[in-house]
Amino acid sequence: MELDEVVITKAIVERFWEKLTAHLVTDVAIVGGGPSGLVAGHYLAKTGKKVILIERKLSCGGGMWGGGMLFNEIVVQKTALPILEEFGIRYRMFQENYYTADSIEAISCLIAGAVKSGVGIFNCVTAEDVVMRPSRVMGLVLNWSAVEMAHLHVDPLAVRARFVIDATGHETSVVRLVQNKVPGKLKTPSGKIEGEKSMWSDKAETLTLKNTREVFPGLYVAGMAANATFGGPRMGAIFGGMLLSGQKVAKLLSQALTSRSK
Ligand code: 48F
């Protein structure tokens, strides 16, 4: 049977349309498809929550592909090994409490795990603002990244979510947007983004988990964005904190969603 270009086009357009309309209203909208966002999405979707994940770039994966300084291996500490196992990521012990994994395998498995558990991933899309009602984040304002990159004057579209997670890494883009629109109101000591500190791996890994929490009504932070928001240090190419932070925010939001629907 001869292949018809119009059928190919129709198949893509209709399937994409189905996927998009199914995710216009969700329980959780995650911005950032790095390790923390993918892990958060996976655990939330696995417990039946409806999740949309927005990634600005063509590929999800954020800072994990390149390992440390493009040496494509990552280090993970013992406490995060159950998450590697959950996603089927193979690892080896280097010395006590230091395990390594191939960064390509690690991030590919995280992406596959998130997709298969039901997270609706939209790549090449940028969260350029939030939906606010009246002083609670209620969703995201989205546009194609290509529109942003070309500086085209094109109005965005919006999706609604009961909770939003900023998992945008060092950029902390969603918290930054809220800070600009509603100055001084973040749940941080100064009411503003505290800013990321220089490298201190041990402290950073612990603080990432502590800093994974709500920063503004309806808006949570996870991964490196949590440390940047609350003033924690960076940690380098050790990824246990990122994975555990994704798992923690999923747990916090599962509880919050359950108590909100009572
Ligand atoms: O930076 P990223 O990997 O965040 P993470 O999950 O992990 C941090 C580590 O990779 C590393 C580290 C670990 O030791 O410190 O840096 O906290 O992924 C963030 C993703 O968010 C996307 C960005 O393209 C990246 O893939 N992103 C950032 N801003 C936006 C966005 C936005 N406004 N809209 C959509 N995606």
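Right, let's walk through the structure included here. (Residues numbered from 1 in each chain as written. Predicted model: local features only at pLDDT ≥ 70, side-chain atom pairs only at ≥ 80, totals over all residues. Heavy atoms only, no water.)

So, the overall build of the chain
Part 1: Helix and strand content of the chain: nine helices and eleven strands.
Part 2: At 18 Å, the chain has a C-alpha radius of gyration in line with the 18 Å of a compact globule built from 262 residues.
Part 3: Dimensions of the chain, computed from C-alpha atoms along their principal axes, come out at roughly 55 × 50 × 45 Å.
Part 4: Put simply, the chain has 262 residues, and 50% of those count as buried.
Part 5: Sequence separation of 24 or more characterises 67% of the internal contacts of the chain that already satisfy a separation of 6 or more.
Part 6: As presented, the chain carries roughly 13600 Å² of accessible surface, and 59% of it is formed by carbon and sulfur atoms.
Part 7: One way to put it: in the chain the 30 positive side-chain charges average out to a point 10 Å from where the 24 negative ones average out. (Helix = DSSP H or I, 4+ residues; strand = E, 2+ residues; numbered from the N terminus. Rg over C-alpha atoms; globule rule 2.2 N^0.38 Å. Buried < 20%, exposed > 50% of the residue type's maximum accessible area, 1.4 Å probe, protein only. Contact = heavy atoms within 4.5 Å. Areas by Shrake-Rupley, 256 points an atom, 1.4 Å probe, with all protein chains shown as cover. Lys, Arg positive; Asp, Glu negative; His and termini not counted. Charge placed at Lys NZ, Arg CZ, Asp CG, Glu CD.)

Observations regarding the site of the ligand
Part 1: Residues in contact with the ligand amount to 28 residues; listed here are only the nearest, Ser-36, Glu-55, Gly-63, Ser-173 and Gly-236.
Part 2: At 2.8 Å, a backbone N or O of Gly-63 approaches an oxygen atom of the ligand.
Part 3: A majority-of-atoms criterion places the ligand in the largest pocket.
Part 4: Looking at the shell around the ligand, the elements with two or more residues in it are helix H2 (35-46), strand E2 (51-55) and strand E7 (125-132).
Part 5: It is E7 that provides the largest number of residues to the shell around the ligand, a total of three residues.
Part 6: Grouping the constituent residues of the shell around the ligand by class yields eleven nonpolar, 13 polar and four charged. (Near = heavy atom within 4 Å. Polar contact = N/O pair within 3.5 Å; in protein donor to acceptor, adjacent residues only side chain to side chain. 1 Å grid on protein atoms, 1.4 Å probe; cavity = no way out; pocket = protein on both sides within 12 Å on 5 of 7 lines; lining within 4 Å. Sits in = over half its atoms within 2 Å of the grid points. Nonpolar A, V, L, I, M, F, W, Y, C, P; charged D, E, K, R; others polar.)

Considering the state of the cysteines
Part 1: For the structure shown, the criterion picks out zero disulfides.
Part 2: Cysteine Cys-60 remains unbridged, with the sulfur of Cys-124 as its closest cysteine sulfur at 9.5 Å.
Part 3: No disulfide involves Cys-109; its sulfur sits 14 Å from the nearest other cysteine sulfur, which is in Cys-60.
Part 4: Classification of Cys-109 by relative accessible area gives buried; the value is 19%. (Disulfide = S-S within 2.5 Å.)

Details of the packing of helix H7 (residues 201-210) against helix H9 (residues 240-260)
Part 1: As a packed pair, H7 and H9 sit with axes 9 Å apart at the nearest point and diverge in direction by 10 degrees. Considering the angle they form, H7 stands roughly parallel to H9. Side by side, H7 and H9 meet where Glu-205, Thr-208, Leu-209 and Lys-210 of the first sit next to Gly-240, Gly-241, Met-242, Leu-244, Ser-245 and Lys-248 of the second.
Part 2: Counted by class, the contact of H7 with H9 contains three nonpolar, four polar and three charged residues. (Axes fitted to C-alpha atoms, helices over the stretch in contact; angles between N-to-C directions. Parallel < 35°, antiparallel > 145°, perpendicular 65-115°, else oblique.)

Thoughts on a nonpolar patch on the surface
Part 1: On the surface, a cluster of nonpolar side chains totalling about 340 Å² of accessible area is made up of Leu-3, Ile-8 and Ile-12.
Part 2: Mapped onto the secondary structure, Ile-8 falls in helix H1 (residues 5-21). (Patch = residues over 30% accessible without salt bridge, like charges linked within 9 Å, V, L, I, M, F, W, Y side chains within 5 Å. Salt bridge = Lys/Arg side-chain N within 4 Å of Asp/Glu carboxyl O.)

Comments concerning the packing of H2 against helix H4 (residues 103-116)
Part 1: Direction vectors running N to C along H2 and H4 enclose 35 degrees, while the axes themselves pass 8 Å from each other. Considering only the axes of H2 and H4, their crossing is left-handed. Between H2, through Pro-35, Leu-38, Val-39 and His-42, and H4, the contact on the second element is made entirely by Ile-107, Leu-110, Ile-111, Gly-113 and Ala-114.
Part 2: Looking at the contact of H2 with H4, its residues break down into seven nonpolar, two polar and no charged. (Left-handed = near helix turned anticlockwise from the far one by under 90°.)

Side note on the pairing of strand E3 (residues 73-76)
Part 1: Covered by surrounding structure in E3 are Ile-74 and Val-76 only, the residues Glu-73 and Val-75 on the alternate face being uncovered.
Part 2: Sheet topology places E3 next to strand E5 (residues 98-102); four bridges connect them, and they run antiparallel. Pairing of Glu-73 across the sheet is with Asp-102, part of E5. (Pairing = 2+ DSSP bridges.)

A look at the environment of Thr-172
Part 1: Note on placement: Thr-172 falls in the loop between strand E9 (157-166) and helix H6 (173-181).
Part 2: Between the C-alpha atom of Thr-172 and that of Met-1, which follows or precedes it by 171 residues, the distance is 51 Å.
Part 3: Once you skip the residues sitting within four places of it in the chain, Thr-172 turns out to touch Asp-166, Ile-193, Ala-225, Ala-228 and Thr-229.

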